[in-house]
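What follows is the residue order along each chain.
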Amino acid sequence: MKMSLRYLMSGAVLRQTCRWYSIQHVNEQLHVHEQDGLRTITLSSPKTRNALSLSVLEGLESAITKESSTLRCIVLAAQGKVFSAGHNLKELTSKDGQEYHTKVFDTCSRLMLTLQNIPVPIIAQVNGIATAAGCQLVASCDIVIATPNSTFSTPGGSVGIFCSTPGIPLVRNVPRKVAAHMLLTGLPITAMEALQAGLVSKVVPEEDIEAETERMVKAIISKSKSVIALGKKFMYHQMEMDIASAYREGSCVMVNNINMVDGQEGINSFIGKRKPVWTHSDE
Amino acid sequence: MKMSLRYLMSGAVLRQTCRWYSIQHVNEQLHVHEQDGLRTITLSSPKTRNALSLSVLEGLESAITKESSTLRCIVLAAQGKVFSAGHNLKELTSKDGQEYHTKVFDTCSRLMLTLQNIPVPIIAQVNGIATAAGCQLVASCDIVIATPNSTFSTPGGSVGIFCSTPGIPLVRNVPRKVAAHMLLTGLPITAMEALQAGLVSKVVPEEDIEAETERMVKAIISKSKSVIALGKKFMYHQMEMDIASAYREGSCVMVNNINMVDGQEGINSFIGKRKPVWTHSDE
Amino acid sequence: MKMSLRYLMSGAVLRQTCRWYSIQHVNEQLHVHEQDGLRTITLSSPKTRNALSLSVLEGLESAITKESSTLRCIVLAAQGKVFSAGHNLKELTSKDGQEYHTKVFDTCSRLMLTLQNIPVPIIAQVNGIATAAGCQLVASCDIVIATPNSTFSTPGGSVGIFCSTPGIPLVRNVPRKVAAHMLLTGLPITAMEALQAGLVSKVVPEEDIEAETERMVKAIISKSKSVIALGKKFMYHQMEMDIASAYREGSCVMVNNINMVDGQEGINSFIGKRKPVWTHSDE
């Protein structure tokens, strides 16, 4: 996080090799960079409006799930004015066949669930247009920071393909009157409307988006990896339960958390008025 | 949509016969008009504050479900300063008997579910007060456009009848702190509070409400009828599922959609940079 | 409600004996006062930042569930600048043992569900910082009124104990992007952000909070106790059902409500243009 994310995301830097960090070209349309526990994945194909072709979907999945013992947080960013325009429609003509279409949507759905299932938080950094599966990708991250000029839409119906799967995270994030308006009319909402509706966590001016991202990443990285992992897992698990069952499981989760090494370290450091030293282990 | 909705809704026009459109008097308290794929249903009994008597509930149900091969969208509007004051309390005294009361509420509940189950989008155009079952009616439409002076409340408790059924769509549209405040105190919320809470999709000045409605209707009508129908159906279906099951079904829905005639027409017209020509068929 | 809540909550008054009302010292950290149907429970240990130790949790449970035939509404307030800082971490070190920790969290979870299960509405009056289980306590009340300088956070991860149980009411009140941001980063949100997200029902200036509370309490107390009780119960019950099942039960609830003595009294008083006289009975 010492170098600015903006600088890292610029083409010049991405083409360099630098001893401070390594950039992995998953493919031409995706850049991955990891440093100090933060992995930054950048959609880097402005020419295709960062279309989510099958190869990009597979690239994203592998970039997100790649094992790393030091990984603590992922930021998903994009180059250009379009965060992502969604599926590559050229892959969805009848000449590709139903089997291929099935592969595209199975991969896409698996990717979206993966964002929720990985043990580290994933933050979408949106500075532009997010439409259709691009909007779905944003809605599937844990946290979303957006600039005021960003817009969000699910206009699939206009090209004959209703945004049925983008609607899945959408209705779980925004009020249904907003979701229905977006899905049935295809009309976009602004970043401020998205904030009001709950689709984004924060709206900050373009010049502040890196500082805001850094603030969140820092807050996450300052905590124990294993505690964040158990917390994220239970959060998504309990939100689909009835409240009484959620509390029954929740009490156990709390007691187990307290008796973890990092749980006791946290409490003892707080009582002792010193900084905690985390093991990041599950013990 | 060539004539302004305001003009259509005025008493003068409603009493005319006109070769451009037909108005069906479902009963004295309800006017229905259909033109160019848009059906406009107007609660037109300002004297009774557009009370939802059993006959109005039955009239609404028949007006909404009436078969029409060209129907693409429904707008629900109201004459006068009260969008609807809810049930007609005179029908709920003990002298009518429990069987009659059961009929009133079964009809009402069936109507509310029908709004969700019909294949075309339904937009409530609210310019006034929506209370109790009137608020329920608004909350049960897909999209809601309201003017700033509109208010929303569920004050049934004040007359000894808690708004238990209006609470059903309410808690599914707004945060529970807002729903509980409305239901337990009976106090109204303003249009801006309703927008913030998610009960309405858009708030626009009174002079813009027709233009905004027209914009949404146009966006809906420009799409394939069958694609909108499958999208609306899956949207309400998936929001009651766990997310993994929703994705399992969602991938199938997408693949089927792509292989519909209108799915392929949409994609091919987009790639060919031409306007799509929809069949509106389920094939 | 004739004496101002601020006056009642001041230490001077709390130490008096007064023929107008009685104050029950549940323990040193909790004051309970009941008058004219309103029970006010005040967290009154600013020195401990109103920590929710096991004894305070038990005290709250007994203060909330104490039988009273005249009880109509509960207000939960706090002395000092911290509404509540959550669990007492000193009770969570390994020397207390897992059995003790289990008792703390079982008591806490039971208390939170009790707030939802009691037949009278409970209003949190927040003028300060609500963190961790303190934020959970706020999120578990039916209605929340907050001052603009209040803040809300779930920073447990910073001390190694993820706010897993505070997350249970949190994700049921605010959009998941807001919940995830609060839970994963631990960063606070302001009262206005909490209003936008749905965690609070109303934000009012500090000088107006008693008037606003009084307005809500008055609205609740003006209704029939038994009607409010059935309404609150069904509201929480139906929100965990699918919508079709909710309507099936809802119609029955409405018909039963209409045929209660207070249901008919409400309707007849409305038709007769007179004030209702409630029996508050379940008949």
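Residues numbered from 1 in each chain as written. Chains lettered and ligands numbered in written order. Predicted model: local features only at pLDDT ≥ 70, side-chain atom pairs only at ≥ 80, totals over all residues.

To continue, consider the overall build of chain A. Secondary structure assignment for chain A yields 12 helices and 11 strands. On the principal axes, the C-alpha backbone points of chain A span a range of 65 × 50 × 40 Å. Here chain A, with 283 residues, has 56% of them falling under the buried criterion. Taking the contacts inside chain A whose residues are at least 6 apart along the sequence as the reference set, 69% of them involve residues at least 24 apart. (Helix = DSSP H or I, 4+ residues; strand = E, 2+ residues; numbered from the N terminus. Buried ≥ 20, exposed ≤ 12 C-beta atoms within 10 Å, placed from the backbone. Contact = placed C-beta atoms within 7 Å.)

So, on to the relation of the copies chain A and chain B. Laying chain A over chain B is done by rotating through 120° and shifting 0.0 Å along the axis; what remains is an RMSD of 0.0 Å. On the angle and the small slide along the axis, the relation comes out as a three-fold axis. Closest approach to the rotation axis among the C-alpha atoms of chain A is made by Q196 of chain A, whose C-alpha sits 3.7 Å away. Of all interface residues in chain A, a mere 5% are interface residues in chain B too; the two copies therefore contact each other through different surfaces. (Least-squares fit on C-alpha atoms with pLDDT ≥ 70 in both.)

Residues and elements named next belong to chain B. Burial analysis of strand β4 (residues 73-78) places six of its six residues in the buried class, the great majority of the element. With burial as the criterion, each face of β4 is covered, one bearing C73, V75 and A77 and the other bearing I74, L76 and A78. Bridge count for strand β3 (residues 38-43) against β4 is six bridges, and the pairing is parallel. The residue bridging I41 from the neighbouring strand is L76, located in β4. Handedness of the crossover is the feature at issue here: the chain leaves β3, passes through helix α3 (residues 54-65), returns alongside β4, and the resulting connection is right-handed. (Pairing = 2+ DSSP bridges. Right-handed = clockwise from strand over helix to strand, strands pointing away.)

Turning to unusual backbone geometry, a few remarks are in order. All names here are of chain A. Even without glycine at this site, R49 takes up a positive phi of about 55°. Of note, R49 is situated in the loop between β3 (38-43) and α3 (54-65). Look at K273: it is not a glycine, yet its phi comes out positive at around 50°. Assignment of secondary structure puts K273 in the segment after α12 (261-271). With 6 C-beta atoms packed within 10 Å, K273 lands in the exposed category.

This part is about helix α7 (residues 176-185) of chain B. Residues and elements named next belong to chain B. Of all 10 residues that make up α7, 10 are buried, and the element is covered over most of its length. Every buried residue belonging to α7 is among R176, K177, V178, A179, A180, H181, M182, L183, L184 and T185, and all of these are buried. Phi for G186, located one or two positions after α7, is positive at around 75°.

Here we take up the relation of the copies chain A and chain C. Least-squares fitting of chain A to chain C yields an RMSD of 0.0 Å, with the superposition described by an axial translation of 0.0 Å and a rotation of 120°. A share of only 4% of interface residues in chain A that are also interface residues in chain C marks the association as one of differing surfaces.

Contact residues are listed per partner, giving 49 residues for chain A and 38 residues for chain C. Of all elements in the fold, only β8 (143-146), α9 (209-221), α10 (225-238), α11 (243-258) and α12 of chain A reach the threshold of two or more residues within the side of chain A that touches chain C. If you tally residues by element for the side of chain A that touches chain C, the top one is α11 of chain A, at 11 residues. Of the residues in the side of chain A that touches chain C, the class split is 27 nonpolar, 15 polar and seven charged. (Nonpolar A, V, L, I, M, F, W, Y, C, P; charged D, E, K, R; others polar.)

Let us look at the domain arrangement of chain A. Residues and elements named next belong to chain A. Taken domain by domain, chain A comprises domain 1 (5-221) and domain 2 (225-271). A separation of 28 Å is found between the C-alpha centroids of domain 1 and domain 2. At the junction of the two partners, domain 1 supplies five residues and domain 2 supplies five residues. When its residues are assigned to classes, the side of domain 1 that touches domain 2 shows three nonpolar, one polar and one charged. (Domains from an automatic or database assignment.)

Among the nonpolar cores identified, the biggest contains 256 residues, and V138 and V144 of chain A, V138 and V144 of chain B together with V138 and V144 of chain C are the most heavily contacted of them. Among all residues touching V144 of chain B, those that are not within four sequence positions of it are K177 of chain A together with A124, V126, V138, L199, V200 and S201 of chain B. (Core = buried A, V, L, I, M, F, W, Y, C linked by C-beta atoms within 7 Å.)

Right, let's get into the interface of chain A and chain B. Taken together, the contacts link 38 residues of chain A with 49 residues of chain B. Of all the secondary structure elements, the ones that give two or more residues to the side of chain A that touches chain B are α4 (97-117), α6 (167-171) and α7 (176-185) of chain A.

In this section: the environment of T213 of chain C. All names here are of chain C. Mapped onto the elements of the fold, T213 is located in helix α9 (residues 209-221). C-beta crowding within 10 Å serves as the criterion here: with 24 such atoms nearby, T213 is assigned to the buried category. Taking C-alpha positions, T213 is 9.4 Å from V144, a pair spaced 69 residues apart along the chain.

Residue and element names in this part refer to chain C. Taken N-terminus to C-terminus, the directions of helix α3 (residues 54-65) and helix α4 (residues 97-117) make an angle of 25°; their axes are 10 Å apart at the nearest point. In terms of their interaxial angle, α3 and α4 are classed as roughly parallel. As for the relative orientation of α3 and α4, their crossing is left-handed in sense. Each of L54, L57, E58, L60, E61, I64 and T65 in α3 lies in contact with α4, whose residues at this interface are K103, V104, T107, C108, R110, L111, T114 and L115. Each residue belonging to the contact of α3 with α4 can be placed in one class, and the counts come to eight nonpolar, three polar and four charged. (Axes fitted to C-alpha atoms, helices over the stretch in contact; angles between N-to-C directions. Parallel < 35°, antiparallel > 145°, perpendicular 65-115°, else oblique. Left-handed = near helix turned anticlockwise from the far one by under 90°.)

Side-chain direction in a regular strand flips from residue to residue, so the side chains alternate between the two faces of the sheet. Residues and elements named next belong to chain C. Summarising the sheet, strand β2 (residues 30-35) and strand β3 (residues 38-43) pair through six bridges and their orientation is antiparallel. Residue pairing for β3: H31 is matched across the bridge by T42. In this antiparallel pair of consecutive strands, β2 and β3, the connection spans two residues, and D36 shows a positive phi of 50°.

What the four strands build is an open sheet, ordered β5-β7-β9-β10 (chain A); its pairing is mixed. The outermost strands of the open sheet, each flanked by one partner alone, are β5 (82-84) and β10 (189-190) of chain A.

Take helix α11 (residues 243-258) of chain C next. A turn of α-helix holds 3.6 residues, and therefore any two residues three or four places apart point the same way. Over its 16 residues, α11 of chain C runs 22 Å from end to end, which matches the ideal 22 Å to within 8%, given 1.5 Å per residue. Along α11 of chain C, the positions that sit buried rather than exposed are I243, A246, Y247, G250, S251, V253, M254, V255, N257 and I258 of chain C. Looking at the packing, one finds that the buried side of α11 of chain C touches α4 (97-117) and α6 (167-171) of chain B together with α10 (225-238) and α12 (261-271) of chain C. (Expected span 1.5 Å × (residues − 1).)

All names here are of chain A. Confidence in the prediction of chain A, expressed as mean pLDDT, is 91, and 91% of residues score 70 or more. In this model, residues 1-21 is a region of pLDDT below 50 whose contacts with residues beyond four sequence positions or in other chains number 22 contacts. Reported confidence for the predicted complex is 0.91 by ipTM and 0.91 by pTM. (pLDDT = per-residue confidence, 0-100.)

For the rest of this paragraph, the subject is the sheet that holds strand β7 (residues 129-131) of chain B. Residues and elements named next belong to chain B. The strand order across the open sheet formed by four strands is β5-β7-β9-β10, and the pairing between neighbours is mixed. What marks the edges here is a single partner per strand, and that holds for β5 (82-84) and β10 (189-190). Sheet strands in contact with helix α5 (residues 133-140) are β5, β7 and β9 (151-153), and its direction is about 100° off that of β7.

Let us look at the environment of S164 of chain A. Relative to the assigned elements, S164 of chain A resides in the loop between β9 (151-153) and α6. Placed 19 residues apart in sequence, S164 of chain A and L183 of chain A show a C-alpha to C-alpha distance of 8.2 Å.

This part covers the environment of L199 of chain C. Residue and element names in this part refer to chain C. Locating L199 in the fold gives a position in the loop between α8 (191-197) and β11 (202-203). L199 sits in the buried class, given 27 other C-beta atoms within 10 Å. Taking the C-alpha atoms as reference points, L199 and P169, separated by 30 residues in sequence, lie 9.5 Å from one another.

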